[in-house]
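# Fold and contact review
Here is what each chain is made of, one letter per residue.
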Amino acid sequence: VAEGQVERNPALLLFTPREAKKPVHRAMTIREVQLCFGALDQRERLIAKLAILAGMRPGEILALTWGRLTATYAEIRQRVYRGTIDTPKTEQSLRKAALSEGLLAEIENWRLRSLETRDGAWVFPSERMTPLSKDNCWRRSMQPRLAKAGLGWANFLVMRRTHATLMKALGADGKLVADQLGHSLDVNQNVYTQSPVESRLAIVNQLEKSLEVM
């Protein structure tokens, strides 16, 4: 249409039939989040908490190196995508994700168990000391345990949606949540407004306390 080759866009005639199945965008309740954390072992629980409490994507979590973790936030500058290390696909994804106090304590406990903790070492390495595979971790270690707890549907996308849903329930400012997740809320706001990581620390700590995470 833009190039003048056709007068009308045929895609405008497309529609979704009423009988077609509509996707169900589920999010976990506070009780289900607690069940999720309780069902997983230390490594997988920490990965789930980074997704739910910090709102991080799985590729961002598994691309973390120890040097990217500070006393208050995780600096997200890379991701694992289909086994390859690259940069996040959007400018909003390059960010500092605030980490709650209890989550930081669990990170330090995991550091004590880790074989390699230099700045460039992976936080979640495989046996070959490469970044842990998301699919392998999910299929072998996370999904089976969550399924036993009745949460087999709670994948990584659900975990990030849960972060956004619970933060909204806490009354968190939409801009803070968008910056934490690395999403775009509004082009104008994201171009001219940025929320400092310090302002997001309070709300992620509030989220953690609402779940009574120790």
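What you are looking at is a predicted structure, and each value in this text was computed from that prediction instead of being measured. (Residues numbered from 1 in each chain as written. Predicted model: local features only at pLDDT ≥ 70, side-chain atom pairs only at ≥ 80, totals over all residues. Heavy atoms only, no water.)

Another aspect to go through is the overall build of the protein. Secondary structure assignment for the protein yields nine helices and four strands. When the helices and strands of the protein are listed from N to C terminus, the series reads α-α-α-β-β-β-β-α-α-α-α-α-α. C-alpha atoms of the protein, sized along the principal axes, occupy 65 × 40 × 40 Å. Looking at the 214 residues of the protein, the share that counts as buried comes to 42%. Within the protein, counting contacts between residues at least 6 apart in sequence, those at least 24 apart form 64% of the total. The protein carries 32 positive and 23 negative side-chain charges, and their two centres are separated by 5 Å. (Helix = DSSP H or I, 4+ residues; strand = E, 2+ residues; numbered from the N terminus. Buried < 20%, exposed > 50% of the residue type's maximum accessible area, 1.4 Å probe, protein only. Contact = heavy atoms within 4.5 Å. Lys, Arg positive; Asp, Glu negative; His and termini not counted. Charge placed at Lys NZ, Arg CZ, Asp CG, Glu CD.)

The terminal C-alpha atoms of helix α5 (residues 134-148) lie 20 Å apart, and with 15 residues this matches the ideal 21 Å at 1.5 Å per residue to within 8%. Maximum bend of α5: about 45°, positioned at M142, with proline P144 one to four residues after it. Looking only at α5, the buried set comprises C137, W138, M142 and L146. Buried positions along α5 lie against α1 (30-39), α2 (42-52) and α6 (156-169). Positive phi appears at G150, one or two residues downstream of α5, with a value of about 80°. (Expected span 1.5 Å × (residues − 1). Bend = angle between axes of the 7 residues up to and from the residue.)

The next thing to look at is the packing of aromatic side chains. Considering all chains together, one arrives at two aromatic pairs under this definition. Ring plane angle 50° and centroid distance 5.4 Å describe the contact between W138 and F156, whose orientation is recorded as tilted. Of this pair, W138 sits in helix α5 while F156 sits in helix α6; the two residues are 18 residues apart in sequence, bridging distant segments of the chain. Overall, F156 belongs to the buried group, its relative accessible area being 10%. Above the plane of the ring of F37 lies K49, whose end atom (NZ or CZ) is 5.1 Å from the centre. Here the guanidinium or amino end of R79 rests over the ring plane of Y81, the centre of that ring lying 4.6 Å away. (Phe/Tyr/Trp six-rings, centres within 6.5 Å; stacked < 30°, edge-to-face > 60°. Lys NZ or Arg CZ within 6 Å of the ring centre and 35° of its normal.)

To continue, consider the side chain of R160. Along the polypeptide, R160 turns up in helix α6. Although R160 is buried, it makes no salt bridge; E60 carries the closest opposite charge, 4.8 Å away. Only 3.2 Å separates the side chain of R160 from the backbone oxygen of L181, close enough to count as a polar contact. Not counting residues up to four positions away in its chain, the partners in contact with R160 are A51, G55, M56, R57, R95, L181 and H183. (Salt bridge = Lys/Arg side-chain N within 4 Å of Asp/Glu carboxyl O. Polar contact = N/O pair within 3.5 Å; in protein donor to acceptor, adjacent residues only side chain to side chain.)

Now for the layout of surface pockets. There is about 550 Å³ of room inside the largest pocket. Residue lining of the largest pocket: 20 residues in total, with G59, V80, Y81, R82 and K134 positioned closest to the centre. Here the second largest pocket is characterised by a volume of approximately 460 Å³. For the second largest pocket, the lining is made up of 21 residues, of which R43, P125, S126, E127 and L132 are closest to its centre. (1 Å grid on protein atoms, 1.4 Å probe; cavity = no way out; pocket = protein on both sides within 12 Å on 5 of 7 lines; lining within 4 Å. Points joined across faces, edges and corners; volume = space filled by probe spheres on them.)

Our focus in this paragraph is α2. Counting buried positions along α2 gives nine out of eleven residues, so the element sits mostly inside the fold. Every buried residue belonging to α2 is among Q42, E44, L46, I47, A48, K49, L50, A51 and I52, and all of these are buried.

Once that is clear, we can look at the environment of G38. You can see G38 is positioned in helix α1. Classification of G38 by relative accessible area gives exposed; the value is 64%. Through-space distance from the C-alpha of G38 to that of A54 is 18 Å; in sequence the pair is 16 residues apart.

What follows deals with empty space enclosed by the protein. Scanning all chains against the criterion turns up one cavity of 30 Å³ or more. Empty space within the largest cavity amounts to approximately 40 Å³. Lining the largest cavity, in full, are E60, A63, L64, T65, R68, E75, I76, R77 and Q78. Residue composition of the lining of the largest cavity, grouped by class: three nonpolar, two polar and four charged. (Nonpolar A, V, L, I, M, F, W, Y, C, P; charged D, E, K, R; others polar.)

Everything listed here is a matter of geometry and, on its own, says nothing about what the molecule does.
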